[in-house]
Amino acid sequence: MTYPIEAMETNTFELAEAGMACLTEKFGAVGAEAFIAMILREKLDYTRWRKTYYDAMKPGAFHEKALAYAKEHPYTGNAQVI
């Protein structure tokens, strides 16, 4: 099951509900709770963590990964130009 955040009204409750559903689907209820506990315990700065990941990439690697992802997951929505 997917939870397209951009298609949802992202109030705090809906965002938390979708996030918990994703975590539970991937890790199970116990794993999801363990993940949340680890995030709270470590006071993880997600932005800094991801910056470290992307800074270590070779030039062009992100673009290649994005193209591969787009090829494997073609857009099937009904976008409208506003």
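**Some points on the overall build of the protein chain**
Within the protein chain, the regular secondary structure consists of three helices and zero strands. Helices and strands appear in the protein chain in the N-to-C order α-α-α. Sorting the 82 residues of the protein chain into buried and exposed places 7% on the buried side. As presented, the protein chain carries roughly 7,600 Å² of accessible surface, and 63% of it is formed by carbon and sulfur atoms.

**Considerations on helix α2 (residues 46–55)**
Given 3.6 residues to a turn, an α-helix orients residues that are three or four positions apart in the same direction. Burial within α2 is sparse, with just one of its ten residues counted as buried. The N-cap residue of α2 is D45: its side-chain oxygen and the backbone nitrogen of T47 are 3.2 Å apart.

**Some remarks on the confidence of the model for the protein chain**
Detailed reading of the predicted coordinates is not advisable wherever pLDDT is low. The predicted model of the protein chain averages 85 in pLDDT, with 88% of residues at 70 or higher. When mean pLDDT is compared element by element in the protein chain, helix α3 (residues 61–72) scores highest at 93, while α2 scores lowest at 86.

**Quick word on the pattern of salt bridges**
Applying the stated rule across the entire model yields two salt bridges. The partner of E42 in a salt bridge is R41, with the nearest N and O atoms 3.7 Å apart. The exposure classification of E42 matches that of R41, with both residues exposed. Close ionic contact of K51 with D55 constitutes a salt bridge, the shortest N to O distance being 2.7 Å. In this pair, K51 and D55 are both assigned in helix α2, four residues apart and thus about one turn of the helix distant. Side by side, K51 and D55 carry an identical accessibility label, which is exposed.

**Notes on the layout of surface pockets**
In this structure, the second largest pocket occupies an estimated 160 Å³ of space. For the second largest pocket, the full set of lining residues is G19, M20, C22, L23, F35 and I36. Among the residues making up the lining of the second largest pocket, the classes are represented as five nonpolar, one polar and no charged.

**Re the packing of aromatic side chains**
Summed over all chains, the structure comprises four aromatic pairs. On the basis of an interplanar angle of 80° and a centroid distance of 5.5 Å, the ring pair of Y54 and F62 is categorised as edge-to-face. Connected via pairs of aromatic rings, a cluster forms that spans Y53, Y54 and F62. Cation over ring: R50 sits above W49, and NZ or CZ is 4.9 Å from the ring centre. Taking NZ or CZ as reference, R50 lies 4.4 Å from the ring centre of Y53, over its face.

Criteria and cut-off values
Residues numbered from 1 in each chain as written. Predicted model: local features only at pLDDT ≥ 70, side-chain atom pairs only at ≥ 80, totals over all residues. Heavy atoms only, no water. Helix = DSSP H or I, 4+ residues; strand = E, 2+ residues; numbered from the N terminus. Buried < 20%, exposed > 50% of the residue type's maximum accessible area, 1.4 Å probe, protein only. Areas by Shrake-Rupley, 256 points an atom, 1.4 Å probe, with all protein chains shown as cover. Polar contact = N/O pair within 3.5 Å; in protein donor to acceptor, adjacent residues only side chain to side chain. pLDDT = per-residue confidence, 0-100. Salt bridge = Lys/Arg side-chain N within 4 Å of Asp/Glu carboxyl O. 1 Å grid on protein atoms, 1.4 Å probe; cavity = no way out; pocket = protein on both sides within 12 Å on 5 of 7 lines; lining within 4 Å. Points joined across faces, edges and corners; volume = space filled by probe spheres on them. Nonpolar A, V, L, I, M, F, W, Y, C, P; charged D, E, K, R; others polar. Phe/Tyr/Trp six-rings, centres within 6.5 Å; stacked < 30°, edge-to-face > 60°. Lys NZ or Arg CZ within 6 Å of the ring centre and 35° of its normal.

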